[in-house]
Amino acid sequence: MRIHFTRADLACTHVANGPDVMWEVVGSLQALPNTYGKNTFGPWRRQVRHDLHRAGLARPVRDRLLPVAPHAAYYPDLLTPPEGALGLEEALNAILSTSRRRLREEIGRLGDGPGHGAWLDDLRTGRAGALAELGDVMRAYHRLSVEPYWPTIRACVDSDIARRRHALREGGMHGLLDSFRPSMRWRFPVLEIPLHPSGRDIHLNGRGLLLIPSYFNRLHPLTIFDAELPQAVVYPVEHHPEPVPTRHDTALARLLGDTRAAVLRAVADGGTTGELAQRVGVSPPTISHHTAVLRDAGLIASRRTATTMLHTLSPLGEALLAGRLPTRSRM
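Residues numbered from 1 in each chain as written. Predicted model: local features only at pLDDT ≥ 70, side-chain atom pairs only at ≥ 80, totals over all residues. Heavy atoms only, no water.

*Asks:* Just give me the short version of the overall build of the protein, but keep the residues and values in it.
*Replies:* Along the backbone of the protein there are 14 helices and eleven strands. Relative to the 2.2 N^0.38 estimate, which gives 20 Å for 331 residues, the radius of gyration of the protein is 22 Å and therefore close to what a compact globule would have. Seen through its principal axes, the protein has C-alpha atoms that stretch 85 × 50 × 40 Å. Among the 331 residues that make up the protein, the fraction classed as buried is 45%. A total accessible area of about 17000 Å² is found for the protein, and carbon and sulfur atoms account for 54% of it. (Helix = DSSP H or I, 4+ residues; strand = E, 2+ residues; numbered from the N terminus. Rg over C-alpha atoms; globule rule 2.2 N^0.38 Å. Buried < 20%, exposed > 50% of the residue type's maximum accessible area, 1.4 Å probe, protein only. Areas by Shrake-Rupley, 256 points an atom, 1.4 Å probe, with all protein chains shown as cover.)

Take a look at the structure:
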């Protein structure tokens, strides 16, 4: 797979600000019936299969979702709309309002497996009942298979985003694109994806590229099938175990409270109020309250840019997080 850039494309290319819920839903659907990534996905598969069976969702997922999002070289682009960056409901609204022409084209490219023909036919023709059922099963599946694991997904993705931002600061856009080796190879003007199942050439022609880190994508980077749509590359992130709290972490939480300590840690990479809310998993008003307290204490600095507030650590906040506050000598 080769993606061709112009210099204008370099200026328009960027990394997503966080995980995309629909890419994670689709990636998890493809991981669920397979065996790859046993160390990473083994416990998750066992738990989710158990939860789906107990909730009576195992069959709807098998008969409704897996035929639409198969583990194959192709599945419909309509399942991963840009609205996935905004949350599940926004994404589902976009999916369920897909035009009949696009449904006919994208669903029509799917092969008919045993028992799948009637279901895919109903979706392809845009039957209202089929679309509503797709949304209901997708929502229920997300509630059991993705939502409970979102803090882990977000932590891994945020860690990768910090790495990519560092590469961008140190080497510019060329440094960023070169940081994806070996899964992607950058040599201007072409970004090559060696393990991609498609041998296509995509020309961005000034549209730029969105790079989306993904927890459930494990085998190789994925791309948008339709060359006319806005282009994205979804790439695997490194999985890491949950950190074991240190004595300093525990003391910090006792001093500030769990949520405020989490907000201070989230500010370490810098971010807007909305980005911090996503990282910590609380509402923007809650973030605004805690950042105001941290700012008044001199631990963070906040700067308004247009309609957003950007938060960064102060030197005192950095020292507190690192556990190296200066001590006063006694006279």
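Right, picking up where we left off after that structure.
*Asks:* I'd like a rundown of the sheet that holds strand β9 (residues 271–272), residues and numbers included.
*Replies:* Pairing in this open sheet of three strands is antiparallel, and the strands run β9-β11-β10 from one edge to the other. The open sheet has two edge strands with one neighbour each: β9 and β10 (300–305). One ladder, built from six bridges, connects β10 with strand β11 (residues 308–313); its direction is antiparallel. Along β11, the bridge assignment pairs Thr 305 with Thr 308. Contacting β10 and β11, helix α13 (residues 284–296) runs over the sheet at an angle of about 120 degrees to β10. (Pairing = 2+ DSSP bridges. Contact = heavy atoms within 4.5 Å. Axes fitted to C-alpha atoms, helices over the stretch in contact; angles between N-to-C directions.)

*Asks:* Any chance you could break down helix α12 (residues 273–280) for me, citing the residues and the numbers?
*Replies:* Counting buried positions along α12 gives six out of eight residues, so the element sits mostly inside the fold. The inward-facing, buried residues of α12 abut α9 (150–178), α11 (258–267), β9, α13 and β11. The positive-phi residue at the C-terminal boundary of α12 is Gly 281, with phi of around 85 degrees.

*Asks:* I'd like a description of the environment of His 166, backed by residues and values.
*Replies:* Inspection of the secondary structure assignment puts His 166 in helix α9. The class of His 166 is partly exposed, set by a relative accessible area of 43%. In the structure, His 166 is positioned 13 residues away from Ser 179 in sequence and 9.9 Å away in space, judged by C-alpha atoms.

*Asks:* How would you explain the pairing of strand β6 (residues 210–214) if you had to name every residue and give the values?
*Replies:* By the criterion of burial, β6 is predominantly enclosed, with four of the five residues buried. Relative to β6, strand β2 (residues 14–15) runs parallel, the two being bridged by two bridges. Paired with His 14 across the bridge in β6 is Leu 210. In this sheet, strand β8 (residues 232–236) lies alongside β6 in parallel orientation, the contact comprising five bridges. By the bridge assignment for β8, Pro 213 is matched with Tyr 235.

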